[in-house]
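Here is how the chains run, residue by residue.
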Amino acid sequence: MRRRTLSHTLQLLIALTILSTASIIGFIAGTQLNSSVNRGSERILSSTCSEIGQTIENQLQQTEQAAQTLADYITHSIPSPNLLQDPKFYEGLRKNLDEMISLTVTATPEITGCAIYFDPDVLPGNAACGIVQKRSPSSAQFFPVILKNINDMRDNEDWRDIISVQMPLWQAPHVDNTNNQQIVLSYLVPVFAGKILAGYVAIDTDYEELDRMLADIKVYDTGYAILADMNGAVIHHPSMKSGTVLYDDNPELARRLLKEKPNRMGVTGPVSAKVYGVDKLLVSTTLSNGLALILAAPKGEIFQRRDTMAFLVILTVVITTLFFLIITAMIASRLLQPLEALQQAAARIAVGDFDVHLAASGGAEIATLTRSIQQMAERLHGYVNYLEAQTYRDVLTGAGAPRAYEREVTYRKEMIAHGEPFSVVFFDVNHLKQINDNLGHDAGDTYLQAAADLIRSCFPNSELFRTGGDEFVLFPDGVDLKDRYQILDQLDAAMVKLAGEEDPINRVSISYGIADLELGKDTTYEMLLARAEKAMYAMKKRLHITR
């Protein structure tokens with residue numbers, strides 16, 4: 001009887017021990033799970049807000065870069081404010097700006113219009129002070145717009161804003177009365193001539209496209225995106241009218257959401273709030289145009305996975321400790337496998353290997369993290385490729401940079417090794433030093449650009465490389481190779497015509513030498529280049545040019 005009771009007691013003790021141990025493990029696991037899911041949900045909401053905000057920010061930055069490029073171009077084009085009083089200079093500037101607007105903004109589809117305004121006080125009398133181009137709804141091209149009272153700058157609200165701050169600024173969404181009542185966001189950049197505020201550049205972006213993008217954003221199942229100003233007034237909301245103040249019955253919430261210090265992802269929150277009777281979490285990030293992007297998602301949807309998993313943990317503890325341990329081991333294994341894949345991918349990215357392909361497996365948090373790392377790798381890869389491409393292009397003239405030239409030389413050496421004929425033309429821009437000394441380096445840069453453009457216009461099918469300050473090398477290809485000598489005659493004729501120009505910058509003069517590969521004689525590329533360079537110096541001697 002005693003043994004039987006002792007056995008029962010021992011069995012009960014073991015059962016209680018196992019149950020107590022399992023309960024403690026279940027309690028700890030449930031607590032940690034709750035904390036982990038809470039943190040993961042906050043990270044998902046914050047990272048989603050940051051990612052969407054960055055997408056919008058990238059569009060805004062394209063607009064800012066386009067406007068700043070135009071403003072910088074105008075500033076460099078007006079070395080002295082007195083030049084604007086010269087009608088000929090101003091008319092030429094307007095013509096260049098018309099072309100520059102198309103070159104700068106056509107490639108950015110979000111841009112719907114571009115305008116450049118000058119203060120009438122710095123212009124010749126009765127000169128039109130505005131240049132306005134709008135994107136055609138039926139094509140990607142821009143067309144000029146004729147506005148009434150375009151010279152009435154002092155009644156221009158944008159001009160008053162620029163005068164008051166004298167720095168770039170974004171305007172709130174507004175109706176563009178010159179473009180089919182389209183709602184736009186405008187970015188304004190002041191233009192200075194010397195230290196004088198001479199005017200400003202205004203670029204409009206399509207707010208309706210941004211509004212549609214915001215309307216398509218879904219956070220969890222029924223969460224949504226909001227766009228508001230820093231005072232909490234609604235600009236975009238799926239159910240509130242524009243201008244409505246967010247949470248006007250809870251100013252403390254609005255202050256925390258819009259004005260507290262953001263985290264490392266640039267996101268404020270999460271903040272709990274009851275919106276139309278539903279408990280929600282809200283996060284926000286401030287955009288460069290001063291607006292706030294807010295994401296709101298119901299807590300029930302955010303924590304649904306947490307509640308479901310907590311119930312399963314409790315159920316497994318009640319049914320059997322062994323089953324609990326097995327399930328726990330399976331869950332741990334399932335969680336660790338994608339994390340190990342993420343760790344390996346992160347290690348590859350760290351050493352510059354961006355060719356990673358990750359399947360979005362695991363829970364919602366891990367799947368989101370996996371997609372984020374995949375996107376990060378793709379963006380880093382694209383950015384690295386962009387930087388590498390920049391090293392192959394000379395910024396001033398648009399010709400191939402020395403690194404691109406080295407790559408081309410390697411290819412030409414292989415052609416020599418295989419006995420494939422080609423030609424090389426060595427160019428040296430004449431009078432560049434005199435232009436720099438007498439007119440300044442800005443004029444010298446313009447002169448050098450004109451020389452490169454002239455060469456490219458004569459050899460449209462060939463790549464031009466800049467190998468030194470005033471030296472270029474070109475390998476005629478295709479039709480250019482066949483007609484190389486006739487083309488050089490055309491280049492001579494063009495320079496003879498330009499010699500009659502009044503402005504020294506327009507009197508482009510180039511010495512050149514051409515050498516054709518002679519198989520068996522030119523055993524190295526350097527020998528061929530030396531013959532072309534020798535021919536170039538011979539031409540300089542004939543023209544009595546020392547530099």
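Everything below is about the structure printed above this text.
A brief structural summary. (Residues numbered from 1 in each chain as written. Predicted model: local features only at pLDDT ≥ 70, side-chain atom pairs only at ≥ 80, totals over all residues. Heavy atoms only, no water.)

Once that is clear, we can look at empty space enclosed by the protein. In this approach, a probe sized like a water molecule rolls over the atoms, and the result shows the empty space that is left. A complete count under the given rule lists one cavity of 30 Å³ or more for this structure. The calculated volume of the largest cavity comes to roughly 80 Å³. Contributing to the lining of the largest cavity are Ile56, Gln59, Leu60, Thr63, Glu110, Leu185, Thr205, Asp206, Glu209 and Leu210. A per-element tally of the lining of the largest cavity places helix H1 (residues 2-77) first, with four residues. Its residues assigned to classes, the lining of the largest cavity comprises four nonpolar, three polar and three charged. (1 Å grid on protein atoms, 1.4 Å probe; cavity = no way out; pocket = protein on both sides within 12 Å on 5 of 7 lines; lining within 4 Å. Points joined across faces, edges and corners; volume = space filled by probe spheres on them. Helix = DSSP H or I, 4+ residues; strand = E, 2+ residues; numbered from the N terminus. Nonpolar A, V, L, I, M, F, W, Y, C, P; charged D, E, K, R; others polar.)

For the rest of this paragraph, the subject is the pattern of salt bridges. Under the defined criterion, the tally for this structure stands at 13 salt bridges. With a closest N to O distance of 3.1 Å, Asp204 and Lys134 form a salt bridge. Here the residue Asp204 occupies a position in strand S7 (residues 196-206), and Lys134 occupies one in strand S2 (residues 130-135), the gap between them amounting to 70 residues. Comparing Asp204 with Lys134 shows no difference in burial state: the two are buried. (Salt bridge = Lys/Arg side-chain N within 4 Å of Asp/Glu carboxyl O. Buried < 20%, exposed > 50% of the residue type's maximum accessible area, 1.4 Å probe, protein only.)

Along the polypeptide, Ala198 turns up in strand S7. Judged by relative accessible area, which is 1%, Ala198 ranks as buried. In sequence terms Ala198 and Pro81 are 117 residues apart; their C-alpha atoms lie 7.8 Å from each other. Setting aside its immediate chain neighbours within four residues, Ala198 contacts Leu84, Tyr117, Phe118, Asp119, Val122, Trp159, Val191, Phe192 and Ala193. (Contact = heavy atoms within 4.5 Å.)

So, about the packing of aromatic side chains. The tally for this structure, following the rule as stated, stands at eight aromatic pairs. With a centroid separation of 6.1 Å and 70° between ring planes, the pair formed by Phe465 and Phe475 is classed as edge-to-face. Of this pair, Phe465 sits in strand S14 (residues 464-466) while Phe475 sits in the loop between strand S15 (471-474) and helix H13 (479-482), placing them 10 residues apart in sequence. This pair shows no difference in class: Phe465 is buried, exactly as Phe475 is. Every member of this aromatic cluster is reached through a ring pair, and the members are Tyr405, Phe422, Phe465, Phe475 and Tyr525. Of note, Arg412 hangs over the ring of Phe422, and the distance from its end group to the ring centre comes to 5.2 Å. (Phe/Tyr/Trp six-rings, centres within 6.5 Å; stacked < 30°, edge-to-face > 60°. Lys NZ or Arg CZ within 6 Å of the ring centre and 35° of its normal.)

For the rest of this paragraph, the subject is the pairing of strand S13 (residues 423-429). On a regular strand, one side chain projects to one face of the sheet and the next to the other, so that they alternate. Most of S13 is tucked away, with seven of its seven residues classed as buried. Taking every second residue as pointing to the same face, both faces of S13 are buried, with Ser423, Val425, Phe427 and Val429 on one and Val424, Phe426 and Asp428 on the other. Here seven bridges tie S13 to strand S16 (residues 510-516), and the two strands are oriented antiparallel to one another. Across the sheet, Phe427 pairs through a bridge with Tyr512, a residue of S16. The pairing of S13 with S15 spans four bridges and is classified as antiparallel. Opposite Phe427, over in S15, you have Phe472 as the bridge partner. (Pairing = 2+ DSSP bridges.)

Time to look at the sheet that holds S13. With antiparallel pairing, the four strands of this open sheet are ordered in space as S14-S15-S13-S16. Edge positions in the sheet fall to S14 and S16, since each has one partner strand and no second. On average, each strand axis in the sheet is inclined to that of its neighbour by 20°, with strand direction left out of account. Contacting S13 and S16, helix H14 (residues 484-498) crosses the sheet at an angle of about 175° to S16. (Axes fitted to C-alpha atoms, helices over the stretch in contact; angles between N-to-C directions.)

As a further point, take the environment of Val234. The topology assignment puts Val234 in strand S9 (residues 234-236). Given a relative accessible area of 2%, Val234 falls into the buried group. With 11 residues separating them along the chain, Val234 and Val245 place their C-alpha atoms 6.0 Å apart.

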